[in-house]
Amino acid sequence: WILDNRTTYPISVVNMSLGDTSGLQDGTDPLSVMVNQVVAAGVFVAIAAGNSGDAAETIYSPGTAQYATTVGAAIEGPNGEYLAPFSSQGPTADGRTGVDILAPGGGITAAGSTASSSLGHGQPLVTLAGTSMATPYVAGVAALLLEKNPSLSPTGTECTYSSVTCPLGV
């Protein structure tokens, strides 16, 4: 949808606070490839690293997309800020760093969701922790940077998902 509508609705930044812990961890899965295609089309994509803990190789799709910006969570303690113990870490299964940036991810108060959601139960505000709470910070900063300097954009070369010569999507 984003690829098809990025010019109709001038989409320049995407936040993806989601993940699939059942798939590949090397960025070659279909969702990661599609994320790479979105980045190649000039859209900044921030993706939550996941909350699988601080062991190695705990980042899953689409956080494993090579050209996305994967966001880990930082929290504050008595000695300053540090990586949250729940925040997933790299490297990816193919040896890439994994987490590209950290953002505040603990005790974040945000707008609640609909009554049918398991998050917030229709409350106007919720306080949560996780990389899904950190990722919007990075997407927001990217949006502000692009508003200030519209000439900035991710770069790459588009190819089709089914292309054998372009397995990573860029």
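Preceding this section is the structure that the text describes.
So, here's what we can say about the structure. (Residues numbered from 1 in each chain as written. Predicted model: local features only at pLDDT ≥ 70, side-chain atom pairs only at ≥ 80, totals over all residues. Heavy atoms only, no water.)

1. Structural notes on the side chain of S32
- Within the fold, S32 resides in helix α2 (residues 30-40).
- Non-local contacts of S32, meaning those with residues more than four positions away in its chain, are made with G27, S61, P62, T64 and A65. (Helix = DSSP H or I, 4+ residues; strand = E, 2+ residues; numbered from the N terminus. Contact = heavy atoms within 4.5 Å.)

2. Re a nonpolar patch on the surface
- On the surface, L18, L31 and M34 cluster together into a nonpolar patch covering about 230 Å² of accessible area.
- Positionally, L31 belongs in helix α2.
- The exposure class of L31 is partly exposed, given its relative accessible area of 36%. (Patch = residues over 30% accessible without salt bridge, like charges linked within 9 Å, V, L, I, M, F, W, Y side chains within 5 Å. Areas by Shrake-Rupley, 256 points an atom, 1.4 Å probe, with all protein chains shown as cover. Salt bridge = Lys/Arg side-chain N within 4 Å of Asp/Glu carboxyl O. Buried < 20%, exposed > 50% of the residue type's maximum accessible area, 1.4 Å probe, protein only.)

3. Quick look at helix α3 (residues 131-148)
- Here α3 contains 18 residues, and its C-alpha end-to-end distance of 26 Å stays within 8% of the 26 Å for a straight helix at 1.5 Å per residue.
- Taken residue by residue, α3 has T131, M133, A134, T135, V138, A139, A142 and L146 as its buried positions.
- Buried residues along α3 sit against β1 (13-16), β2 (44-48), β3 (69-77), β5 (101-104), β6 (108-111) and β7 (125-128). (Expected span 1.5 Å × (residues − 1).)

4. Quick word on the nonpolar core
- The biggest cluster of nonpolar side chains holds 11 residues, and these are F44, A46, V71, A73, I75, A84, A103, A134, V138, A139 and A142.
- Contributions of two or more residues to this core are made by β2, β3 and α3.
- Setting aside anything within four residues of it in sequence, one finds A142 in contact with V13 and F44.
- Listed in part, the 10 residues of the second largest apolar core include V38, V39, I47 and A68. (Core = buried A, V, L, I, M, F, W, Y, C linked by side-chain atoms within 4.5 Å.)

5. What to know about the pattern of salt bridges
- All told, the structure shown has 1 salt bridge when counted by the stated rule.
- Here R96 makes a salt bridge to D94, at a shortest N to O gap of 3.1 Å.

6. Digging into the pairing of strand β4 (residues 80-83)
- The pairing of β3 with β4 spans 4 bridges and is antiparallel. Counted as the bridge partner of I75 is Y82 from β4.
- In this structure, the hairpin formed by β3 and β4 is closed by a connection of 2 residues. (Pairing = 2+ DSSP bridges.)

7. Some thoughts on unusual backbone geometry
- In this structure, P62 follows S61 across a cis peptide bond, with omega equal to 5 degrees.
- Along the chain, the position of P62 falls in the loop between β2 and β3.
- The amide bond that connects G90 to the next residue, P91, takes the cis arrangement and shows omega of 5 degrees.
- Secondary-structure assignment places P91 in the loop between β4 and β5.
- At E57, a residue that is not glycine, the phi angle is positive and equals roughly 55 degrees.
- One can find E57 in the loop between β2 and β3.

8. A few points about the side chain of S88
- Position of S88 relative to the elements: it lies in the loop between β4 and β5.
- On the basis of relative accessible area, S88 is assigned to the buried category, the value being 0%.
- The contacts of S88, once residues within four sequence positions are left out, are A49, G50, N51, S52, G53, T58, I59 and V99.

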